[in-house]
Amino acid sequence: MNRRDLFTAAAGATLLPALAGVSRAGTVSGDAVPTGSLEVVAEFYGPGPSGIAVTPDNRIFVGFPRHAENHRKATLAELKGDVLVPYPDKALSLPSSASPDHRLVSIHGMTTDSKGRLWAIDDGKIVGQPIAPGAAKVIGIDPATDRLIASIVLKAPAMRPDSHMNDLRVDLTHGALGTAYVADSSFGTSPALVVVDIATGRQRRVLADHPSTQAEKGFLTVLDGRPLRYDPRNPTFPIGGVDSITLSPDSTRLYYSPLTSRRLYSIPTALLSNFDATEEQLAAGVTDHGEKVMTDGIATDAQGRIYLTASEHDSIMRWLPEDGRIEVVARDPRIVWPDGIFVTADHVYCTLGQWNRLPGFNGGKDLRQPPYLLIRAPITPPIREDQR
């Protein structure tokens, strides 16, 4: 096995607090100074990572989608020491001739439920190809047995030809076996939330025309120092509708946000999981929590604080539910397009896919610079000696 084809791990590599070559004589932007304690967990030299999930016993799982790069490596892998192991096995995770509904095609968003079981969204997309029937699905795996506990194929009308089933959260407080909420950010311009009853496979597409799921017209971002305007016909950065998604600690609310937006929304899960609720009732149940930063991923800790991937600021930030205040958890120039995010009791983990540097957004030039990083930062600042 060629190690560089997979990754090298560098646990314990801590952020240095100063920048070489910065003159003390002049004034510099605060954004130029790294903040927080950032640790590199792994470096990936193969395909770019997206989803990340960590079980209560600290097993780490990473997703490597194929919608931007049709790679031959595992699309779902467990990080064991310094080795990526196809998960749950090679037959499911590696490319094969098996039908799309009997293998993993392109694993994107990932999460765990309140029982510590692993869930992932297979967006079913291979770059340059239409999504094959049976390819897009919600999968569940029990890490205790390393066996599938669910594989629910997403179908029309919940599924569209241009769907980008991007991320998901699983709520075990509604439905006989729980309910999955999926963010369809859309490869086109038709985003929506998708609700899936895990026990029956029943599914429906909701809030497809509501402002809370839509990309913001005229949206302007600055990435790598470049001002970029939202143009769905000629995108110059990753764009889409509802993408970021997370549950409150008690699963009573689902928080979500479009990728091409800076607003945060939520809806009660009792309403969202109710298949009898009308679109009018769902729309009336949406709460607009105001402006945050542009995010590709969000995640919640046990205190209800929401962690934000902040590509425009090379940062991971945190939204406080009591007053909407936002604080910086970690800032570092290596944080290039933070994507998948996961919070444990002690750390926030994040994959850095550098997706804004793909050739399709940069005139055919691949500006990505491997390795792609998996990082983590403590979610509570360490206590200084003078505070003890």
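Residues numbered from 1 in each chain as written. Predicted model: local features only at pLDDT ≥ 70, side-chain atom pairs only at ≥ 80, totals over all residues. Heavy atoms only, no water.

A word on the overall build of the chain
Looking only at helices and strands, one finds four helices and 28 strands in the chain. For 388 residues, the compact-globule formula gives about 21 Å, and the C-alpha radius of gyration of the chain, at 20 Å, lands near that figure. Structurally, the chain occupies a C-alpha span of about 65 × 50 × 50 Å along its principal axes. Looking at the chain alone, contacts between residues at least 24 apart form 53% of all its contacts between residues at least 6 apart. Split by element, the accessible area of the chain, about 16700 Å² in all, is 51% carbon and sulfur. Treating the 40 positive side-chain charges of the chain as one cloud and the 44 negative ones as another, the clouds have centres 4 Å apart. (Helix = DSSP H or I, 4+ residues; strand = E, 2+ residues; numbered from the N terminus. Rg over C-alpha atoms; globule rule 2.2 N^0.38 Å. Contact = heavy atoms within 4.5 Å. Areas by Shrake-Rupley, 256 points an atom, 1.4 Å probe, with all protein chains shown as cover. Lys, Arg positive; Asp, Glu negative; His and termini not counted. Charge placed at Lys NZ, Arg CZ, Asp CG, Glu CD.)

Let's talk about the packing of aromatic side chains
Scanning the entire structure with this criterion turns up four aromatic pairs. Taking the centre distance of 4.6 Å and the plane angle of 50° together, the rings of phenylalanine 61 and tyrosine 87 count as tilted. Placement of the pair is phenylalanine 61 in strand β5 (residues 60–63) and tyrosine 87 in the loop between β7 (83–86) and α2 (90–93), with a sequence separation of 26 residues. Like phenylalanine 61, the residue tyrosine 87 is buried in the burial classification. Consider the rings of tyrosine 256 and tyrosine 265, whose centres lie 5.9 Å apart with planes at 25°: the pair is stacked. Judged on exposure class, the residue tyrosine 256 and its partner tyrosine 265 are both buried. One Lys or Arg, lysine 125, reaches over the ring of phenylalanine 187 and ends 5.7 Å from the middle of that ring. (Phe/Tyr/Trp six-rings, centres within 6.5 Å; stacked < 30°, edge-to-face > 60°. Buried < 20%, exposed > 50% of the residue type's maximum accessible area, 1.4 Å probe, protein only. Lys NZ or Arg CZ within 6 Å of the ring centre and 35° of its normal.)

Comments concerning the pattern of salt bridges
Proximity of charged atoms lets side chains of opposite charge pair with each other. Here the structure, examined in full by the defined rule, presents 19 salt bridges. In this structure, the salt-bridge partner of glutamate 39 is arginine 376, at a minimum N-O distance of 3.2 Å. Linking glutamate 39 in strand β3 (residues 39–44) with arginine 376 in strand β28 (residues 372–378), this pair joins segments that are 337 residues apart in sequence. Arginine 376 gets classed as partly exposed once you look at its relative accessible area, which sits at 22%. As a salt-bridge pair, aspartate 184 and arginine 205 come within 2.9 Å of each other at their nearest N and O atoms. Placement of the pair is aspartate 184 in strand β13 (residues 179–184) and arginine 205 in strand β15 (residues 203–206), with a sequence separation of 21 residues. You'll find aspartate 184 and arginine 205 in the same group, each marked buried. Among the charged side chains, a salt-bridge network with shared partners connects Arg318, Asp323, Arg325 and Glu327. (Salt bridge = Lys/Arg side-chain N within 4 Å of Asp/Glu carboxyl O.)

Quick look at the confidence of the model for the chain
Atomic detail in the predicted coordinates should be set aside for any region of low pLDDT. Residues with a pLDDT of 70 or more make up 90% of the chain, whose mean pLDDT is 92. Across residues 1–24 the pLDDT falls below 50, and counting only partners more than four positions away or on other chains, this stretch makes 61 contacts in the model. Segment residues 382–388: pLDDT under 50, and two contacts once partners within four positions in sequence are set aside and those in other chains are kept. (pLDDT = per-residue confidence, 0-100.)

Quick word on the layout of surface pockets
There is about 740 Å³ of room inside the largest pocket. Around the largest pocket, the lining comprises 32 residues; the ones closest to its centre are Thr112, Asp113, Thr300, Phe342 and Val343. The set of elements that each furnish at least two residues to the lining of the largest pocket consists of β8 (107–112), β12 (165–171), β18 (242–247), β22 (298–300) and β26 (338–343). In terms of lining residues, the second largest pocket is bounded by 29 residues, among which His67, His164, Phe187, Pro238 and Phe361 are the most central. Residues that form the lining of the second largest pocket fall into these classes: 14 nonpolar, 11 polar and four charged. (1 Å grid on protein atoms, 1.4 Å probe; cavity = no way out; pocket = protein on both sides within 12 Å on 5 of 7 lines; lining within 4 Å. Points joined across faces, edges and corners; volume = space filled by probe spheres on them. Nonpolar A, V, L, I, M, F, W, Y, C, P; charged D, E, K, R; others polar.)

Considerations on the sheet that holds β12
Strand order in the open sheet formed by four strands is β12-β13-β14-β15, with antiparallel pairing between adjacent strands. Taken across any chain shown, the strands that pair with only one partner, and hence form the sheet edges, are β12 and β15. For this sheet, the mean angle separating the axes of adjacent strands, direction not counted, is 20°. Pairing of strand β14 (residues 192–197) with β15, which is carried by four bridges, proceeds in the antiparallel orientation. Each bridged residue has a counterpart across the sheet, and for valine 194 the counterpart in β15 is arginine 205. (Pairing = 2+ DSSP bridges. Axes fitted to C-alpha atoms, helices over the stretch in contact; angles between N-to-C directions.)

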